[in-house]
Amino acid sequence: MTPEVVVFGQIARDLVLRVTDVPGPNGSTTVRSRREMLGGKGANQAVGLAQLGTPVALVGVVGDDRTGHELLDHATRDGIDITHTVRREHTPTALLVDILDDHPWHRYLEHIPPDVLLTERDVFAASELIRRADTIVIQLQQPLTAALEAAHLAHATHTRIVLDGATDNHTPAHADLLARTDVLRADAHEAELLASRCLNSITDTAEAAQQLRKQGPTVVVLEVADEGNLISSPAGYEFLPHDDAEVLDTTGAGDALVATLVHSLVQGDPLSTAARLAVTAAGITTEHAGGRPRLHNLATKGTPP
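Residues numbered from 1 in each chain as written. Predicted model: local features only at pLDDT ≥ 70, side-chain atom pairs only at ≥ 80, totals over all residues. Heavy atoms only, no water.

### Quick notes on the environment of His158
With respect to the helices and strands, the residue His158 is situated in the loop between helix H5 (144–156) and strand S10 (160–164). Between the C-alpha atom of His158 and that of Thr135, which follows or precedes it by 23 residues, the distance is 9.2 Å. (Helix = DSSP H or I, 4+ residues; strand = E, 2+ residues; numbered from the N terminus.)

Below is the structure:
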């Protein structure tokens, strides 16, 4: 089946550890539970799209090691096209450690070797996937040069471009990337990087989104810290507060939001419907440990009114 969406982003082993308390210096603690799974923003979004029924390809990099092969086997079982995923020799696969304790915060440890980031050559090798796709999703955790290559290839074939994240590198290359973007999504921290200022309210965020739309994107989705998400388009803006989910771990909530938003847009849903379903998906993902989405039954929850 030809992928309708191509995701360019991170692939990693995701290790989730649950403890009662994180020990201090010279301390130790018992791990109550652990989960190891396919993770990374790119993989999480591809998994979410596959769960929702959208044919998806993942373009990212793993090491040519046992972990990399295991993760790609997992991606295949998830129904993800990995024909253009890169297996890089002489480098270990990325590792993400998510430590959750009984307090309302968590800690991340990341080992992301430079060689597991995408290059322009890696992206160009996926040109045919881009040409045949409805939408590509580009994450700015990847080098700007690789992101630009993907955007240029997609723009040439009128493929929808969804940009996830931000860079604080305000250069002509950054402006070029925004100018080719159709949909831009950023969390609260990334939104402030894009706006080059603090965003302390919904009004601040709405103004920032409007300014970003003047730089190219038709739709801008920005998180308002601790409150919800704001969707800005030529029709105006709408603020959608966080739902009443019992939050255990916020890891992967943004990835579920992006995956669901893209799925709905590919299906032809109105933007308001897509945005509301995406926010629901994000809430669902915070209710379990780890960033791997569980969106198979999202449709049964219905779209909020």
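### Observations regarding the sheet that holds strand S3 (residues 31–39)
Judged by pairing direction, the sheet is mixed, and its four strands sit side by side in the order S3-S2-S7-S8 without closing on themselves. Pairing within the sheet leaves two strands with one partner each, and these edge strands are S3 and strand S8 (106–111). Across the sheet, the mean angle separating the axes of adjacent strands is 15 degrees when strand polarity is ignored. Of the pairings in the sheet, the one linking strand S2 (residues 12–19) to strand S7 (residues 94–100) comprises seven bridges and is parallel in character. Considered in S7, the bridge of Arg13 is made with Leu95. (Pairing = 2+ DSSP bridges. Axes fitted to C-alpha atoms, helices over the stretch in contact; angles between N-to-C directions.)

### Describing the layout of surface pockets
Quantified by volume, the largest pocket comes out at close to 1,000 Å³. Forming the boundary of the largest pocket are 38 residues, of which Thr250, Thr251, Gly252, Ala253 and Gly254 lie nearest the centre. When contributions to the lining of the largest pocket are tallied by element, the ones reaching two or more residues are helix H1 (41–52), S7, S8, strand S11 (183–186), helix H9 (253–267) and helix H10 (271–285). Broken down by class, the residue content of the lining of the largest pocket amounts to twelve nonpolar, 14 polar and twelve charged. (1 Å grid on protein atoms, 1.4 Å probe; cavity = no way out; pocket = protein on both sides within 12 Å on 5 of 7 lines; lining within 4 Å. Points joined across faces, edges and corners; volume = space filled by probe spheres on them. Nonpolar A, V, L, I, M, F, W, Y, C, P; charged D, E, K, R; others polar.)

### Here we look at the side chain of Thr167
Looking at the element boundaries, Thr167 is found in the loop between S10 and helix H6 (172–179). Dropping the residues within four chain positions of it, Thr167 is found in contact with Leu140 and His174. (Contact = heavy atoms within 4.5 Å.)

### Let's talk about the pairing of S11
A regular strand places its side chains so that they alternate between the two faces of the sheet. Burial of the side chains of S11 extends over both faces: Val183 and Arg185 are buried on one face and Leu184 and Ala186 on the other. As paired strands, S10 and S11 are joined by three bridges and run parallel to one another. Looking at the pairing, Leu163 lines up with Leu184 of S11. With four bridges connecting them, S11 and strand S12 (residues 219–224) associate as parallel partners. Across the sheet, residue Val183 finds its bridge partner in S12, namely Val219. (Buried < 20%, exposed > 50% of the residue type's maximum accessible area, 1.4 Å probe, protein only.)

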